[in-house]
Amino acid sequence: MRSLLILVFTTFIFANSYDFDENKFVFALGNTFHKVGNITYTKEKATITYSHPRYKQIVKADNNISIEGSSGKKYYLKGKALSHTKAFIDIMIRLGQYNEIKENKDFDVKKEGERYILTFKGDLKRMLPKAEVETQGTKVKSFKLFMNNGDTLEIVKR
């Protein structure tokens with residue numbers, strides 16, 4: 001019992017999380033889709049839980065990504081879907097943290113007032129040429145990812 005309490009306590013100490021609104025513009029459809037969710041992450045695991053419009057939970061752990069819907073059915077991503085989703089989750093974690101956007105080997109940073117313009121490098125550039133991060137002081141308020149196909153994904157922290 002005591003070791004269980006210590007495990008739970010250390011998870012809370014080292015876990016980070018934030019609630020967010022996600023607005024995804026799909027260029028091919030000319031439509032924006034809105035979701036509400038939460039991301040919780042530690043060094044070993046990340047969990048994104050969407051609560052609206054439909055429940056969905058995405059878990060990244062041990063180089064695997066599982067997706068579970070409201071039915072409880074779970075499936076695991078493979079191939080390109082796995083690598084793209086891993087990259088998205090990693091970017092979502094990093095861009096949500098102020099210290100991560102200031103200095104990072106995966107992108108160049110240009111500051112314009114409370115906004116940071118990030119230009120991605122290497123493999124990330126093939127998926128995401130740039131991102132914009134809005135800050136207030138040392139807090140990230142939102143970030144927007146621009147994709148090569150014209151789609152955008154905006155995360156607004158609550």
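See above for the structure.
Residues numbered from 1 in each chain as written. Predicted model: local features only at pLDDT ≥ 70, side-chain atom pairs only at ≥ 80, totals over all residues. Heavy atoms only, no water.

Caption draft 1: Structural context of the packing of aromatic side chains. Across all of its chains, the model carries four aromatic pairs by this definition. Taking the centre distance of 6.1 Å and the plane angle of 80° together, the rings of Tyr98 and Tyr116 count as edge-to-face. Of this pair, Tyr98 sits in helix H3 (residues 98-102) while Tyr116 sits in strand E8 (residues 115-120), and the two are 18 residues apart along the sequence. Side by side, Tyr98 and Tyr116 carry an identical accessibility label, which is buried. A network of ring pairs unites the aromatic residues Tyr18, Phe20 and Tyr50 as a single cluster. Here the basic side chain of Lys130 rests over the ring of Phe146, its NZ or CZ set 4.8 Å away from the ring centre. If you follow Lys157 out to its NZ or CZ, it ends over the ring of Tyr18, 4.5 Å from the centre. (Phe/Tyr/Trp six-rings, centres within 6.5 Å; stacked < 30°, edge-to-face > 60°. Helix = DSSP H or I, 4+ residues; strand = E, 2+ residues; numbered from the N terminus. Buried < 20%, exposed > 50% of the residue type's maximum accessible area, 1.4 Å probe, protein only. Lys NZ or Arg CZ within 6 Å of the ring centre and 35° of its normal.)

Caption draft 2: Molecular detail of the sheet that holds strand E3 (residues 45-52). In space, the eleven strands of this open sheet follow the order E6-E5-E4-E3-E2-E1-E11-E10-E9-E8-E7, with antiparallel pairing throughout. With partners counted over all chains shown, the strands left at the sheet margins are strand E6 (74-76) and strand E7 (107-112), one partner each. When the angles between neighbouring strand axes are averaged without regard to direction, this sheet yields 20°. Sheet topology places E7 next to E8; six bridges connect them, and they run antiparallel. Paired with Lys111 across the bridge in E8 is Tyr116. The strands that helix H2 (residues 79-95) touches are strand E1 (16-26), strand E2 (31-41), E3, strand E4 (56-61), strand E5 (64-69), E7, E8, strand E9 (130-136), strand E10 (139-146) and strand E11 (152-157); relative to E10, the one it contacts most, it runs at about 150°. (Pairing = 2+ DSSP bridges. Axes fitted to C-alpha atoms, helices over the stretch in contact; angles between N-to-C directions. Contact = heavy atoms within 4.5 Å.)

Caption draft 3: Fine view of the pairing of E3. Relative to E3, E2 runs antiparallel, the two sharing six bridges. From the neighbouring strand, Val36 faces E3, where its bridge partner is His52. Counting the residues between successive antiparallel strands, the hairpin from E2 to E3 contains three residues. Here six bridges tie E3 to E4, and the two strands are oriented antiparallel to one another. Counterpart to Tyr50 in the pairing with E4 is Lys56. Joining the antiparallel neighbours E3 and E4 is a turn of three residues.

Caption draft 4: Representation of the pairing of E9. Relative to E9, E8 runs antiparallel, the two sharing five bridges. Bridging across to E9, Leu118 finds its partner in Ala131. Relative to E10, E9 is paired through seven bridges, and the arrangement is antiparallel. Paired with Gln136 across the two strands is Lys139, which belongs to E10. Turn length for the E9-E10 hairpin, with the two strands adjacent in sequence and antiparallel, is two residues, and the turn residue Gly137 shows positive phi of about 65°.

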